[in-house]
Amino acid sequence: MNIEGIVLTIITAATPLWLAALGELVTERSGVLNLGVEGMMAMGAVAGFAVAHLTGQPLLGVVAAILAGMATASLFALLTLVLVANQVASGLALTLFGLGLSALIGASFVAIPGQGIPTLADPDLVGVPVLGFVLAPFRALAEIPYVGRILFGQDPLVYAAVALTFGVWWFLFRTRGGLILRAVGDSHGSAHALGYNVVAVRFLAVLFGGACAGLAGGYLSLIYTPQWSTNMTAGRGWIALALVVFASWLPGRLAAGALLFGAVSIMQLHAQALGVSVPSQFLKMLPYVTTIVVLVLISRSDTLLRANTPRDLGRPFVPDR
Amino acid sequence: MRLELIRRSHQSRLMTVASPLLAFVLTLATGFVMFALTGVDPVAAIYVYFVEPWTAQWSVEELFVKAVPIILVAIGLAFCYRSNVWNIGAEGQLVAGAIAGSALPILFPAFEGPLVLPLMLLMGIAGGALYGVIPAFLKVRFGANEILTSLMLVYVAQLFVDYLARGPWRNPEGMNFPDSRPFSPSQTLPVIFGDDIRLSLVFVLIAVLVAWFVLGRTLIGFQISVLGQAPRAGAFAGFSRNRMIFVAFLIAGGLAGLAGISEVAGPTGALRTVVSPGYGFTAIIVAFLGRLHPVGMLIAGVLLALTFLGGEGAQFALGISDQTTQVFQGMLLFYVLACDTFIFYRPRLVMGRSAGLTGGSGS
């Protein structure tokens, strides 16, 4: 396989981690640790696939995936923000619940081939009215050797991830809303004293995290492998959580980290294709082992980690009126 | 209208006991609605799930067979959670214990006699404990988050046992089935009651008693509580937080390892590609549902085992997907966490918008 092809597969493998981690980054910046990413992703994946299959519209599936992620996240928000339950335990509950419910809903969708979402440069879109015309430049630009398909021939959600990364960075560090969100995450007591509604800000941040995780799940079942299978998230939600730590809560580093993890997780496929004689189980361990190694490396450095860790991360807040 | 929480001056003793019961009732009610909505007769489904397993001797035995590993793991986890150490990788420690303990009968199949089983159990405990020490070490030495590292190690252990059972440890006379060679009677835990109840049930009872004593009556139990609830006070008292992280992971890993080897040297009788259907994760629910108290976890463990068994029955009798079990388990944890709020807070419904910032009248 050529370099261009490998880069393309890395980006595709990175995108679900990227999207989910980006949402969790915003959630954690507001001071809430939601360990339920895996569960929200699973719900997004099953909802996305089911709606796309039943309506024949993959884009509706994407919308459904986002909504399912948000709905699941709202359970978590209710539990941890309104009822101030322990965030770690609630996140675990969300993962167990989401994995179970998605498997239950998805039982009748197993082994049905999905439709998938075409890339912007897909030649099949030529005849489609309006869209075929609008996307013509992408088809032309994708012909550029080496970088054409990487820059112009991706599926729409890859561009969404790039745009969201810029959007999140801009929101967090260049807007008043972002300043409030970070203030709530760093010191909920002070933010409350200044008159900001801590619970409302956090609720919205958790919902945004859910939307992103749901979208990431939808990416898995609609684009990455267009089908539904039980537990298809395979720990990606947990890797996304590690990615946020790796990125030290900065959107730019998160994008780089997502590509790194995408590369690691795709390595096993390429290694198998090259006939490397390592048992497949060991290659499958790579993303998980890499996560541990990366966590260790990053956690050693105080400057990298401590500087950006939201100070009230994981601490429950009860307004004292 | 909105909900306001007012901190109680003392924990509500009533809610401490009532919360898990309330959570169970709410789970049942939600399950009832869920079944009704999906067109299943809810009364029949609830009956199959929660009552039928109690009606025959074989299924009651099966209930305790499933409860054994769950309770063993949960007791270990209680040491972690009480000291505010978040080990969620017990499933991996369970698998590690199963692998370490199985090494003996698989590598030395001719080794028989009264010594082999105790050695297997010890190796299982050691394997689980050593696997549990990895996240503890990474936490203490490098500050790496133990939630993520312990969970990642679950995937590593599951893939490794899959490799062993399909590869080097596969039974040469097993017609290519991905199982190890079956363990001989001296390499498996003896049945002590009925057809299926094995010696491992005694381990559970011992673990409950020892945990009750250690947690409630010894200095180490006191240190665990102090470091868990008031880390600064613990530090001033000279209790070492780092040592506690190691101790908690060692105990949890060791008990998970014991659960793992008791599974393979018990109901399964061989090392297979999958050691447990998620007992290590279910145990997390049991730990919370049982209030991190040994006796509470004993009861909660049987209840959660019931959902596993009921799930199998419901799939067989009513064609309900066995994934319903996981939904029930997740819901149960949701509800118990929600109900636990009222141990510490008194709820008050406020009509209209709150006075908010201006109404600083205190409590």
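Note that the structure is predicted; figures quoted are calculated from it, not measured.

## Some words on the overall build of chain B
- When its secondary structure is counted, chain B shows 13 helices and four strands.
- In summary, chain B has a C-alpha radius of gyration of 22 Å against a globular reference of 21 Å for 363 residues, a match within 12%.
- Dimensions of chain B, computed from the C-alpha atoms along their principal axes, are close to 80 × 60 × 35 Å.
- Every one of the 363 residues in chain B was classed for burial, and the buried ones make up 50%.
- Summarising the internal contacts of chain B: among those between residues at least 6 apart in sequence, 77% fall at separations of at least 24.

## A look at the interface of chain A and chain B
- Facing the 41 residues of chain A at the interface are 41 residues of chain B.
- Elements represented by at least two residues in the side of chain A that touches chain B include exactly helix 3 (58-82), helix 4 (87-106), helix 12 (236-246) and helix 14 (280-300) of chain A.
- Across the side of chain A that touches chain B, the residue classes break down as 30 nonpolar, eight polar and three charged.

## Some details on the pairing of strand 4 (residues 345-350) of chain B
All names here are of chain B.
- The element strand 4 is barely covered by neighbouring structure, given that only zero of its six residues are classed as buried.
- Pairing analysis gives six bridges linking strand 1 (residues 2-7) to strand 4, with the strands arranged antiparallel. Among the inter-strand pairings, E4 is bridged to a residue of strand 4, identified as R348.

## Focus: helix 11 (residues 198-224) of chain A
- Taking 1.5 Å of rise per residue, 27 residues should cover 39 Å, and helix 11 of chain A covers 37 Å from first to last C-alpha, within 8% of that figure.
- Counting buried residues in helix 11 of chain A gives 24 out of 27 residues, a clear majority hidden from the surface.

## What about the environment of F109(A)?
- You can see F109(A) is positioned in the loop between helix 4 and helix 5 (131-134).
- Sequence-distant contacts of F109(A), defined by excluding residues within four places in its chain, comprise F49(A), A50(A), H53(A) and W228(A).

## Considerations on the packing of helix 1 (residues 3-29) of chain A against helix 11 of chain A
Residue and element names in this part refer to chain A.
- Following both chains from N to C, one finds helix 1 and helix 11 inclined at 170°, their axes separated by 6 Å at the closest point. With respect to helix 11, the element helix 1 is oriented roughly antiparallel. In this structure, helix 1 uses T12, T15, P16, L19, A20, L22, G23, E24, V26 and T27 to contact helix 11, whose residues at the interface are A205, V206, F208, G209, A211, C212, A213, L215, A216, Y219, L220 and Y224.
- Along the lines of polarity and charge, the residues of the contact of helix 1 with helix 11 split into 16 nonpolar, five polar and one charged.

## So, unusual backbone geometry
- If you check the backbone angles, R291(B) has positive phi at about 60° while not being a glycine.
- Mapped onto the elements, R291(B) comes out in the loop between helix 11 (279-289) and helix 12 (294-318).

## Concerning the nonpolar core
- Core analysis: the largest hydrophobic core is formed by 212 residues, its most contacted members being L243(A) and V73(B).
- For this core, the leading source of residues is helix 11 of chain A, giving 17 residues.
- Once residues lying within four places of it in the same chain are set aside, the contact partners of L243(A) are L17(A), A21(A), L254(A), G257(A), A258(A) and F261(A).
- Grouped together as the second largest cluster of nonpolar side chains are six residues, F35(B), A45(B), V48(B) and Y49(B) included.

## Notes on helix 4 of chain A
- With 20 residues, helix 4 of chain A extends 27 Å from end C-alpha to end C-alpha; this agrees with the ideal 28 Å at 1.5 Å per step.
- The buried fraction of helix 4 of chain A is high, at 19 of 20 residues.

## Thoughts on the confidence of the model for chain A
- In the predicted model, chain A carries a mean pLDDT of 89, and 98% of its residues have values of at least 70.
- The secondary-structure element of chain A with the lowest mean pLDDT is helix 15 (residues 302-305) of chain A, recorded at 69, while helix 11 of chain A shows the highest, at 96.

## A short note on the confidence of the model for chain B
Residue and element names in this part refer to chain B.
- Here chain B averages 89 in pLDDT, and 96% of its residues register 70 or above.
- Confidence over residues 355-363 falls short of pLDDT 50; this stretch has four contacts with residues more than four positions distant or in other chains.
- For this predicted complex, the interface score ipTM comes out at 0.89, alongside a pTM of 0.90.

## Observations regarding the environment of Q57(A)
All names here are of chain A.
- By the secondary structure assignment, Q57 is in the loop between helix 2 (37-55) and helix 3.
- Overall, Q57 belongs to the partly exposed group, with 14 C-beta atoms counted inside 10 Å.
- With 58 residues separating them in the primary sequence, Q57 and Q115 have C-alpha atoms 8.6 Å apart.

## A word on the packing of helix 11 of chain B against helix 12 of chain B
Residues and elements named next belong to chain B.
- At a closest axis distance of 8 Å, the pairing of helix 11 and helix 12 adopts a crossing angle of 135°. Judged by the angle between their axes, helix 11 and helix 12 are oblique. Judged by the sense of rotation from one axis to the other, the crossing of helix 11 with helix 12 is right-handed. Residue-level contacts link T282, I285, V286, A287 and L289 of helix 11 to M297, A300, G301 and L304 of helix 12.
- Split into classes, the residues belonging to the contact of helix 11 with helix 12 amount to seven nonpolar, two polar and no charged.

Conventions used here
Residues numbered from 1 in each chain as written. Chains lettered and ligands numbered in written order. Predicted model: local features only at pLDDT ≥ 70, side-chain atom pairs only at ≥ 80, totals over all residues. Helix = DSSP H or I, 4+ residues; strand = E, 2+ residues; numbered from the N terminus. Rg over C-alpha atoms; globule rule 2.2 N^0.38 Å. Buried ≥ 20, exposed ≤ 12 C-beta atoms within 10 Å, placed from the backbone. Contact = placed C-beta atoms within 7 Å. Nonpolar A, V, L, I, M, F, W, Y, C, P; charged D, E, K, R; others polar. Pairing = 2+ DSSP bridges. Expected span 1.5 Å × (residues − 1). Axes fitted to C-alpha atoms, helices over the stretch in contact; angles between N-to-C directions. Parallel < 35°, antiparallel > 145°, perpendicular 65-115°, else oblique. Core = buried A, V, L, I, M, F, W, Y, C linked by C-beta atoms within 7 Å. pLDDT = per-residue confidence, 0-100. Left-handed = near helix turned anticlockwise from the far one by under 90°.

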